[in-house]
Amino acid sequence: MFIKPKKALSLKECKFYHSVPLPDSSIITGDWDLTKCADVYLGNMDYANKRVIDVGAGSGFLSFFMEQKGASVVSYDMPDGSYWDVLKYPGHQPAMHTKAHEEYYNAYDYTHEKMNSKCKIYRADIYKDLPEELGEFDAAIFGTMLSHVRDPMLVLMNILYKVKEFAVLINPFVNKDHNGSTFYPGQNQFERVWWNIDYSTIERMVNSIGWHIADSYDVFPIQNVNLDVPKKQKYRSLVIERYS
Ligand SMILES: C[S@@+](CC[C@H](N)C(=O)[O-])C[C@H]1O[C@@H](n2cnc3c(N)ncnc32)[C@H](O)[C@@H]1O
């Protein structure tokens, strides 16, 4: 069920979504730098001895970070050769970006080897139930991914059903006074943000399936990609727990 990471990849075969510090003290710069804000991004929670599923793990910085804090991690993402949900309309080209995605997975595997990691890799269609063999989790993290899926409610239901203690949801989650979440697919299929999910909407979504927001933190990841000068963005990290 778990995928074996590739070995002996070269850096040229990799594309790093995340900046990552390696054991030899070098730092690889990625599209986004979470190195200075990882604890807050992850809701200031204690991950020691927790079994955690990292939903939308990408090139894996958060999985490896939690492992270093003592967690046993399953890094979950879409199957090799697939790509993020896209709009379908006459003339669309669905397979166009799969190579870039393979390079993000290579970056995951490269880091996995360098860090001598034991994180497990599971890749499947996120709209299907998790298989029984995967078991249950103490915690889940959904790092900047709910806005990128066409059906964030189904994703939350499928994963949280198997989570016992807490989850952390990270996204901009704009203020309560914002007048509802918006459908935001952009003008073409490669604009891969589907939803601008506001705070009160995410609160209703999780409340409706037996969870409540226990804590909320502002967090400032650094965006390197598509900018001449790196820029801090403002996100919100929500810790959710089950109603007792
Ligand atoms: C913006 S990246 C965030 C990476 C990391 N979780 C973080 O917080 O920095 C979004 C992640 O969600 C995953 N993702 C996007 N659409 C998905 C889908 N339809 N099914 C499964 N994973 C998806 C991507 O592959 C990617 O790893």
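Residues numbered from 1 in each chain as written. Predicted model: local features only at pLDDT ≥ 70, side-chain atom pairs only at ≥ 80, totals over all residues. Heavy atoms only, no water.

K.L.:
What is the right way to look at the overall build of the protein in this model?
P.N.:
Secondary structure assignment for the protein yields five helices and 14 strands. For a compact globule of 244 residues, the expected C-alpha radius of gyration is about 18 Å, and the protein comes in at 17 Å, within 12% of that figure. Projecting the C-alpha coordinates of the protein onto the three principal axes gives extents of approximately 50 × 45 × 40 Å. For the protein, the proportion of its 244 residues judged to be buried stands at 49%. The long-range share in the protein, meaning contacts at least 24 apart out of those at least 6 apart in sequence, stands at 68%. Summed over all atoms, the accessible surface of the protein reaches about 12300 Å², with 51% contributed by carbon and sulfur. If you average the places of the 27 positive and of the 31 negative side-chain charges in the protein, the two averages end up 2 Å apart. (Helix = DSSP H or I, 4+ residues; strand = E, 2+ residues; numbered from the N terminus. Rg over C-alpha atoms; globule rule 2.2 N^0.38 Å. Buried < 20%, exposed > 50% of the residue type's maximum accessible area, 1.4 Å probe, protein only. Contact = heavy atoms within 4.5 Å. Areas by Shrake-Rupley, 256 points an atom, 1.4 Å probe, with all protein chains shown as cover. Lys, Arg positive; Asp, Glu negative; His and termini not counted. Charge placed at Lys NZ, Arg CZ, Asp CG, Glu CD.)

K.L.:
In this structure, what is going on with the sheet that holds strand 6 (residues 120–123)? I would like to understand it.
P.N.:
Across a sheet, strands are paired by hydrogen bonds formed along the backbone, either parallel or antiparallel in direction. Read across the sheet, seven strands follow the order 6-5-4-7-8-14-11 without closing on themselves; strand pairing throughout is mixed. Bordering the open sheet on either side are strand 6 and strand 11 (211–219), each of which pairs with just one other strand. When the angles between neighbouring strand axes are averaged without regard to direction, this sheet yields 20°. In terms of strand pairing, strand 5 (residues 72–77) meets strand 6 through four bridges, oriented parallel. (Pairing = 2+ DSSP bridges. Axes fitted to C-alpha atoms, helices over the stretch in contact; angles between N-to-C directions.)

K.L.:
I would appreciate a short explanation of the sheet that holds strand 3 (residues 32–33) in the present structure.
P.N.:
Spatially, three strands are ordered 3-12-13 in an open sheet, and the strand pairing comes out antiparallel. Bordering the open sheet on either side are strand 3 and strand 13 (231–232), each of which pairs with just one other strand. Note that strand 3 and strand 12 (residues 222–223) share two bridges and pair antiparallel. Each bridged residue has a counterpart across the sheet, and for Trp32 the counterpart in strand 12 is Gln223.

K.L.:
Just to check I follow, could you spell out the state of the cysteines for this structure?
P.N.:
Under the definition given, this model contains zero disulfides. Its sulfur unpaired, Cys14 is 16 Å from the next cysteine sulfur, which belongs to Cys119. Classification of Cys14 as buried rests on a relative accessible area of 13%. Here Cys37 stays unpaired: no disulfide links it, and the sulfur of Cys119, its closest cysteine neighbor, is 19 Å away. Its relative accessible area of 9% is what places Cys37 among the buried residues. (Disulfide = S-S within 2.5 Å.)

K.L.:
For this particular structure, what's the right way to read the nonpolar core?
P.N.:
Counting 33 residues, the largest nonpolar core has Phe142 and Ile159 as its most contacted members. Only strand 4 (51–55), strand 5, strand 7 (137–143), helix 4 (152–160), strand 8 (163–171), helix 5 (199–207), strand 11 and strand 14 (235–242) provide two or more residues apiece to this core. Trp32, Cys37, Leu62 and Ala139 belong to the second-largest nonpolar core, a separate cluster that totals 27 residues. (Core = buried A, V, L, I, M, F, W, Y, C linked by side-chain atoms within 4.5 Å.)

What is shown is where atoms sit, not what they do.
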